[in-house]
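Next come the chains, spelled out residue by residue.
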Amino acid sequence: MSLPLDHLMIAPVLLPLLAGAVMLALGGERRLAVNATFSVVSTVALVAISIVLLRTAHAAPGGVAGVYRLGDWPAPFAIVLVVDRLAALMVLLSSLLATAALVFSLARWHRVGVYFHPLFQFLLMGINGAFLTGDLFNLFVFFEVLLAASYGLVLHGSGSARVTAGMHYIVVNLAASLLFLIGVSLIYGVTGTLNMADLAARIPAVPAGSRALLEAGAGILGIAFLVKAGMWPLCFWLPGAYSAAPPPVASVFAILTKVGIYVVLRLWLLFFGDAAGASAHVGGEWLLIGGMATVTFGAIGCMASQDMARLAAFSVLVSSGTILAAIGIGQPGVTAAALFYLVTSTLGLGAFFLLIELVERGREPGADVLAVTREAYGEEGELDETDEVGVAIPATMSILGLAFIGCAAIISGLPPLSGFVAKFALLTAALNPQGRAVSIFDWLFLFVLIMSGLAALIAMTRAGIRAFWAAPDRVVPRVRVIEIAPVVLLLLFCAVKTVEAGPIMRFMQATAQSLHAPQAYIRGVLGAAGERPSLRRGAT
Amino acid sequence: MELVLAIGIGVFAGSGVWLILRPRTFQVIIGLSLLSYAVNLFIVAMGRLKTDAAPILAAGGIGDPARFADPLPQALVLTAIVIGFATTALFLVVLLASRGLTGTDHVDGRETER
């Protein structure tokens, strides 16, 4: 990498930090237009930067675009940022989603509370930092940055429902952060390092007596991330918090669960991959079984949801569970398909959270609950209004309806959008494992995945019929172009992913290969560090 | 010293876990504070306990590393204390907002029916 490109690696962290700080310095809330301009410029610039990083990483040998040494200290002693294919991909995904949510919020939502734009930028800083960092404790710091910003955003707009759900969200995440610290310090106590690449190099050499302590530390650390990712039974906070959050915020929160998944994917394959000796693949069956339990729980939750926001929140759980189970299978092919699914489902869920607010706008609150109760008791009210056949559907409603069908297709995994391609790739890879026979777990995975698709389809159809067909006297919601455009844009990305599935899938396969064989990553961080073995602290 | 520290961490953590499972927001926040004390002590303990040892090297030479305390856990603990303090303060604000909006200090925003 050349010099300006070298410093581009830290831009995804610095740019939102500076943008947020400038907004606060310029007088915070009094200049909403200025704040909005800064916010949009910063987020769009992030998209451009992450595209450059992604292209560089993909072209680089081994998939590692570069290692940024903060303060130019050699790697095991100080914090590094590492840009490889996965990190660049996740940064791109988060900035795309953030752009859509930000544009959506400009119509109305950024005005309903204070400090929306600075908090939004700090959230992006935390997310990007968590994706890029190569140091375990630095990961904790970025996690706290993104959590602190998300605490503010989940309360944006206030109201007692939001405050109560937000309080649960904060307590659960504070407790998870404490588990994170316990895990990190156990791992440090055993190995004497916090650099991820250095840890990967040292874990095979950990003596047998300390191995149990190391694995316990990794397990506690894993629980902290799985709380964030929403794995059953650590996920009961999620539906409440996500459905109470303001729509643009909930849309960005779709990536927050993926931060937990990203860390599990990265650390598990780095620390306990094939090269980890006695600890290889420790905990994989937990991910697989836990993931499938999450999918089941999420699917049941989808069917039981009475309003669309909760339906979307449970769909987040289904998406997390699917990816966790796929990671737990531990095959590069399945991981590649899981990455494809991750991008698709994040974009689809982000679009769905935005769409819900537009659809719900024209309806009285509580209508869904009433409708479900009426179904349950078999009361057929208002049947005499059948003479409404032939009423022209207003253009707004048809666009909203089409977008809803798009979201439903992505979330339940039906053609023609990329949700289908993703699920198809997942199942193909799971049923064609390399180097072992198809196990009972693979068949179970297939069953759970198909059934969750069916459950999502039933739930989405029910919600769609109730929102678009069953209310003849409904008010057509006023929807502005900048509100519907982000939704359509996110769905268009999914359409592009279907058309370009071949090249994108090849990229995901290259990413998964380098995750399963992380030698290039380790060498990238440690190799150029100028070995000074005399200063390295031995395993104690 | 190990025994005293271990019992101390255990008492803090046990009381903290019990308190965060209680239904009042004030109990929860005190529980979280106690838990974070336990975790902070635990981080220090992970750098190995050592009395009368400086965490920085003496001027003019490296000397014998075995005679110094490990500085990294101390740095980590400082960071953890700062972050824990900030997030607890933030939670305190939300707690007060919830009390103001719902009129009760129950964590669910309403009293359970008996």
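For clarity, every value in this text was computed on a predicted model and none was experimentally measured.

1. Side note on the overall build of chain A
Okay, so step 1: A count of helical and extended segments in chain A gives 21 helices and two strands.
Okay, so step 2: Residue burial in chain A is summarised as follows: out of 540 residues, 56% are buried.
Okay, so step 3: Of all intrachain contacts in chain A linking residues separated by at least 6 positions in sequence, the fraction that spans at least 24 positions is 81%.

2. Focus: unusual backbone geometry
Okay, so step 1: Omega for the peptide link from Trp232 of chain A to Pro233 of chain A comes to 5 degrees, which places this bond in the cis form.
Okay, so step 2: Across the junction of Pro415 of chain A and Pro416 of chain A, the peptide omega takes the value 10 degrees, indicating a cis bond.
Okay, so step 3: Its place among the elements puts Pro416 of chain A in the loop between α16 (395-412) and α17 (418-431).
Okay, so step 4: One non-glycine residue with positive phi stands out, namely Arg48 of chain B, at about 70 degrees.
Okay, so step 5: Positionally, Arg48 of chain B belongs in the loop between α2 (25-46) and α3 (71-102).
Okay, so step 6: Judged by local crowding, Arg48 of chain B falls into the exposed class, with 12 C-beta atoms found within 10 Å.

3. Comments concerning the packing of helix α4 (residues 85-106) of chain A against helix α5 (residues 116-132) of chain A
Residues and elements named next belong to chain A.
Okay, so step 1: Here α4 crosses α5 at 165 degrees, and the two axes come no closer than 9 Å. In terms of axis orientation, α4 runs roughly antiparallel to α5. Judged by the twist between their axes, the crossing of α4 over α5 is right-handed. Listed contacts from α5 to Ala87, Met90, Val91, Ser94, Ala98, Leu102 and Ser105 of α4 are Phe116, Phe120, Leu124, Ile127, Asn128, Phe131 and Leu132.

Scoring rules and cut-offs
Residues numbered from 1 in each chain as written. Chains lettered and ligands numbered in written order. Predicted model: local features only at pLDDT ≥ 70, side-chain atom pairs only at ≥ 80, totals over all residues. Helix = DSSP H or I, 4+ residues; strand = E, 2+ residues; numbered from the N terminus. Buried ≥ 20, exposed ≤ 12 C-beta atoms within 10 Å, placed from the backbone. Contact = placed C-beta atoms within 7 Å. Axes fitted to C-alpha atoms, helices over the stretch in contact; angles between N-to-C directions. Parallel < 35°, antiparallel > 145°, perpendicular 65-115°, else oblique. Left-handed = near helix turned anticlockwise from the far one by under 90°.

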